[in-house]
Amino acid sequence: MGERISRKVGGDAVNEYMLIFSLGPVQPFIEQARKTRDLWLGSYLFSLLMEAVMEEVKSANIGANFVFPSVWENKGPISNLPSKYIAIFDDLDEAKQATELSQRGLKKLWGAREAADQERPIEGHTICEDVWNTIVKDFAAPETRSIWDKQVDPDKVFESFWVIVERRPGEPYFDWLQRSETVLNARKRLNTFQRQDEYGEKSTISGERQALYGTLERSDKSLRQQAREFWIKLATRTETKESSLSPKDLSHDGSERLDAVETVKRFAIVSEPFKERLQNVGFPSTSTIATASFVERLLTTSVPQELYAEWNRTVKAWRNATTNQLARMSPNTIPYLKARAEGREWLLRRDGDCFFQETFRSRYLEKEYGISNIKREGERESQAEQLARSGRNALHDLITLITDPAINIRHPTPYYATLKMDGDQMGSLFRAIDDQKKHTNLSQALSDFASKARTIIEDSYPGRLVYAGGDDVLALAPLARDIPEAARQQAGPLHTVLNLVGLLQQQYRIQIQNNLRPDQSEATARIGIVIAHHYTPLSTVLRATREAEKLAKDRYNRNALV
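Worth saying up front: this structure is predicted, and the values here are computed from it rather than measured.

Novice: Got a minute to help me understand the overall build of the chain in this structure?
Specialist: When helices and strands are tallied, the chain shows 21 helices and 10 strands. In summary, the chain has a C-alpha radius of gyration of 26 Å against a globular reference of 24 Å for 562 residues, a match within 12%. The principal-axis extent of the C-alpha atoms belonging to the chain is close to 90 × 70 × 40 Å. Looking at the chain as a whole, 52% of its 562 residues qualify as buried.

What follows is the structure in structure tokens.
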């Protein structure tokens, strides 16, 4: 610690202490995902936890002056909070108290019980307990609860680091900030390794932790077979009066065997903290993202009078062939399309899968949508076989009709794009900060850009934002909009995903540049894009996206697109 003097209030010397609190690991927690739903909910959950951490400090009214983020509002369906906060205190004891409050805020919302204290009551609604009670409890054995408590222990799931650094006499604000960041990085390198034994069958997503299972009674069956049986029962709810979970939520054949943390991420939407904020909100599949431009044309195309009757008949046949289990997606998954639906939300309830012939196979419909593929007595076809046949025929007629020159809609593409953006040389940006007010202003500019990113990606283009935390953005988007040639000049600049990222970079510069000194270089950002088939494993796509963004930084010296 330096000498205890930094500024004066009313003639008295006042000490200043900078607290940096960091929560991790961000990347593994968010991007260990099999479905886009896992990716979105994991990201939102992390943001919600950071909000709980800061709100616990703020509500204690202990004199915390938050400078990063300076304000936060996490009410919508997009995670927009960074994984750390910076606050300044005039009292060392209050700064120390803030670290305890931060940990308490995390644990109150996450809600894991102490493994050694199974009967400890849980305060209010907590995410872990809500998921346990709603999804797992009715199928659990004592072994299940034991695995659950061990895996959701917040001290093992999360890595929280904090440092408190006192300002030296006359020390420039930036030097103080940089010194604090250096101390935090040093603290992270001293991370304590926690041994965690994970026996038996591992999860099918991360492969790191043990998959949940029930009582092991059948010695003639392997651990994998018994774990599979547990997850089949949990998904189909065969031992309760509840209806089955949708195969879109959890596979019915036991091919998805999750650990406790993955279960919390997959089903966090059932917890009260999520219900309060995410009413009727869903996240689109990769198929839905890939076909978003095709759906836009279906919603906006003006059909010639001479084809109107045939158009209505063909669309109605396709609609009838994609009802029930195929029409359960929230119409709010892509806001850009919802704004253009004008009473045709029924179209937005169909997953993008419904625009591809390979979907209409009886085994696929059974696995992915839970449609019965068992022939009843006296029937020639199962329900899945009937739907596969009618769906193929209806889709064939629809695709044939749209190729008519008078309509001219491009075929749906099975490819989509992921994009990851990161601000360049953030350290040099912060060198413009020579007082607390400028730090707060830069924090506000980053928050404003996060809001702008959501508007660009979701209101001006049929994409979907996963998170926007300051200078860091992750989104999914169709490759290009199918804009008729006659309307192309009037349709605005966002024709393709390249136009989209160009506008993101432009808005980033606009928001940040005003906070830089004239002698500083221009604010820039790097972006990695991956174009992927909608059946490609999401984990593979996300890994490639990170690599593309890293290449933009390391090989092309930032301010680049890979």
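Novice: I'm lost on the sheet that holds strand E8 (residues 464-469) in this one. Help?
Specialist: Hydrogen bonding along the main chain pairs the strands of a sheet, whether they run parallel or antiparallel. Taken in spatial order, the four strands make up an open sheet running E8-E9-E7-E10, and their pairing is antiparallel. Only two strands of the sheet have a single neighbouring strand rather than two, namely E8 and strand E10 (525-533). Between one strand axis and the next, the sheet turns by 15° as a mean value, whatever way the strands run. Of the strand pairs in this sheet, E8 and strand E9 (residues 472-478) are connected by five bridges, and their pairing is antiparallel. Within E9, the residue paired with Leu-465 across the bridge is Ala-475.

Novice: How do you make sense of helix H12 (residues 292-300) when you look at a structure like this?
Specialist: Residue pairs spaced three or four apart in an α-helix point in one direction, given the helix's 3.6 residues per turn. Burial analysis of H12 places eight of its nine residues in the buried class, the great majority of the element. Of the residues making up H12, those classed as buried are Ala-292, Ser-293, Phe-294, Val-295, Glu-296, Arg-297, Leu-298 and Leu-299. If you follow the buried residues of H12, they end up packed against helix H11 (286-290), helix H13 (308-321), helix H14 (335-341), helix H15 (345-348), helix H17 (383-402) and E9.

Novice: What is the right way to look at the packing of aromatic side chains in this model?
Specialist: For any two aromatic rings, the description comes down to two numbers: the centre-to-centre distance and the angle of the planes. Applying the stated rule across the entire model yields 17 aromatic pairs. Seen from their ring centres, Phe-230 and Trp-231 are 5.5 Å apart, and the 90° between their planes marks the pair as edge-to-face. Taken together, Phe-29, Phe-46, Trp-110 and Phe-158 form an aromatic cluster joined through their ring pairs. The ring of Trp-132 has Arg-145 lying over it, and the distance from NZ or CZ to the ring centre is 4.6 Å. Above the plane of the ring of Tyr-336 lies Arg-340, whose end atom (NZ or CZ) is 3.6 Å from the centre.

Novice: Is there a simple way to explain the pattern of salt bridges in this structure?
Specialist: Side-chain pairing between opposite charges can occur once the charged atoms of the two side chains come close. On inspection of all chains with the given rule, the structure shows 32 salt bridges. When the shortest N-O distance is used, the salt bridge between Arg-266 and Asp-38 registers 2.4 Å. You can see Arg-266 sitting in helix H9 (residues 260-267) and its partner Asp-38 sitting in helix H2 (residues 36-59), a full 228 residues away along the chain. Residue class for Arg-266 comes out buried when judged on its relative accessible area of 0%.

The rules behind the values
Residues numbered from 1 in each chain as written. Predicted model: local features only at pLDDT ≥ 70, side-chain atom pairs only at ≥ 80, totals over all residues. Heavy atoms only, no water. Helix = DSSP H or I, 4+ residues; strand = E, 2+ residues; numbered from the N terminus. Rg over C-alpha atoms; globule rule 2.2 N^0.38 Å. Buried < 20%, exposed > 50% of the residue type's maximum accessible area, 1.4 Å probe, protein only. Pairing = 2+ DSSP bridges. Axes fitted to C-alpha atoms, helices over the stretch in contact; angles between N-to-C directions. Contact = heavy atoms within 4.5 Å. Phe/Tyr/Trp six-rings, centres within 6.5 Å; stacked < 30°, edge-to-face > 60°. Lys NZ or Arg CZ within 6 Å of the ring centre and 35° of its normal. Salt bridge = Lys/Arg side-chain N within 4 Å of Asp/Glu carboxyl O.

Interpretation in functional terms is not warranted from these geometric data alone.
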